[in-house]
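# Remarks on the overall topology
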Amino acid sequence: MTSPKIEKINGISFVASRDSISEKHIKPVVDLNANYAAIMPFGFIKNLQHPEIIYNTDRQWFGETGEGVKQYVEALKKQQIKVMIKPQIWVWRGEFTGFIKMNSEEEWQELEKAYENFILDFAKVAKEVNAEMLCIGTELENFVAYRPKFWTQLIKKTRAIYKGKLTYAANWNEFTKTPFWSDLDYVGIDAYFPVSNLKTPTEADCLKGWNLHLPDIKNVQQTSKKPILFTEFGYRSFDFSGEKPWTTGNYEATPNLEAQTNTTKALFETFWKEDWFAGGFVWKWFHNYEQSGGAKDNMFTPQNKPAEEIIRQYYKN
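Here's a quick rundown of the structure. (Residues numbered from 1 in each chain as written. Predicted model: local features only at pLDDT ≥ 70, side-chain atom pairs only at ≥ 80, totals over all residues. Heavy atoms only, no water.)

The subject of this paragraph is the side chain of Thr-264. Secondary-structure assignment places Thr-264 in helix α8 (residues 257-271). According to the relative accessible area criterion, Thr-264 is buried, its value standing at 7%. If we ignore the near neighbours within four places in the chain, the residues touching Thr-264 are Tyr-235, Ala-307, Ile-310 and Ile-311. (Helix = DSSP H or I, 4+ residues; strand = E, 2+ residues; numbered from the N terminus. Buried < 20%, exposed > 50% of the residue type's maximum accessible area, 1.4 Å probe, protein only. Contact = heavy atoms within 4.5 Å.)

Our next topic: the pattern of salt bridges. A full pass over the atoms with the stated rule returns 18 salt bridges. The salt bridge partner of Lys-113 is Glu-116, with a shortest N-O separation of 3.5 Å. Of this pair, Lys-113 and Glu-116 both sit in helix α3 (residues 105-128), three residues apart, roughly one helical turn. Among the charged side chains, a salt-bridge network with shared partners connects Glu-67, Lys-70 and Glu-128. (Salt bridge = Lys/Arg side-chain N within 4 Å of Asp/Glu carboxyl O.)

Here we come to empty space enclosed by the protein. The gaps left among the atoms become clear once a water-sized probe is rolled over them. Tallied over the full model, the rule gives one cavity of 30 Å³ or more. Looking at the largest cavity, its volume works out to about 40 Å³. Every residue along the wall of the largest cavity is listed here: Gly-234, Tyr-235, Gln-260, Thr-264, Val-282, Trp-283, Phe-300, Pro-302, Ala-307 and Ile-311. Listed by contribution, the elements that provide at least two residues to the lining of the largest cavity are α8, β11 (277-285) and α9 (306-316). (1 Å grid on protein atoms, 1.4 Å probe; cavity = no way out; pocket = protein on both sides within 12 Å on 5 of 7 lines; lining within 4 Å. Points joined across faces, edges and corners; volume = space filled by probe spheres on them.)

All right, on to the pairing of strand β7 (residues 133-138) then. Judged by how many residues are buried, β7 sits mostly within the fold: six of six residues are covered. Pairing of strand β5 (residues 82-85) with β7 involves two bridges; the strand directions are parallel. Looking across to β7, one finds that Met-84 is bridged to Met-133. Inspection of the sheet shows β7 paired to strand β8 (residues 165-171) by four bridges, in the parallel sense. Considered in β8, the bridge of Met-133 is made with Lys-165. (Pairing = 2+ DSSP bridges.)

What follows covers the layout of surface pockets. In this structure, the largest pocket encloses a volume near 1,100 Å³. Around the largest pocket sit 33 residues that line it, and Gln-88, Trp-90, Thr-248, Trp-283 and Lys-284 are the ones nearest its centre. Counting only elements with at least two residues in the lining of the largest pocket, the list comes to β3 (42-45), β6 (88-91) and β11. When residues of the lining of the largest pocket are assigned to their parent elements, the largest contribution, four residues, is made by β6. Residues of the lining of the largest pocket, tallied by class, amount to 19 nonpolar, eight polar and six charged. (Nonpolar A, V, L, I, M, F, W, Y, C, P; charged D, E, K, R; others polar.)

With that settled, the discussion passes to the sheet that holds β7. Strand order in the closed barrel formed by eight strands is β1-β2-β5-β7-β8-β9-β10-β11, with parallel pairing between adjacent strands. For this sheet, the mean angle separating the axes of adjacent strands, direction not counted, is 25 degrees. Here strand β10 (residues 228-233) pairs with β11 via four bridges, running parallel. Bridge pairing in β11 places Ile-228 opposite Phe-277. (Axes fitted to C-alpha atoms, helices over the stretch in contact; angles between N-to-C directions.)

Purely spatial values, then, with no claim about function.
Rendered as structure tokens:
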């Protein structure tokens, strides 16, 4: 007797905007054959050593607040799109969240209290809107490494409020060290693994590149006995897109749509057919579809680029 086929999470990371969203903004998501969207409210930290988290203020964009999250989720659910709420931290000037580290026990405790409030407030929102999944953190390597007991307790407190699925979004070079996978429902990975150092890698080049990372991914899956979920995945449409896929600068770079297409296809070919792989959320998707992406864009979004059609075809199956 064969086990029932698990429906893949064919997701998009839906970027918050200043405004509410409507069916018009969600139709391109439906047309992509996506069945899930990650909604990302933000909390702000002044610097890497600062324990205070500012969130849910009237100075933020609507989509980044609790009220905005509710509106986005309700609009998406009307179109049968399931939701992961993924609260994220933004450090001033865009410094990497994995480097957040306090200088004293007192400051660590202050950060823990602030972060617990941040996540539990959005756990209440997730419960209220009946979101299918909640992500309890994104790329917080130092915070996890220095305060592992806090995270175990946070998971328990979150589950006391919210009964849906839980994950954590570990960076691609962090997930093997994350200590609490067995307490969650998915091993979440932001999948910016380097797969090729070529200017325009072919799909075959990138498939070879994935062979370097597959043993670690499979090992964590087998040890935790939890499915792998790519909480973020995607590539920029510029030269060397597979070399350091996490790169966010170099805004003047010449677009290279072929590089994005080939890296994207190789990721799908490597993972989407595997039973232990739950799916993922492409980075990233903007509400104003007509103005997003396109042939002159060198950023992550696949919108209005050949990579969009690749995603559409894999999400269809």
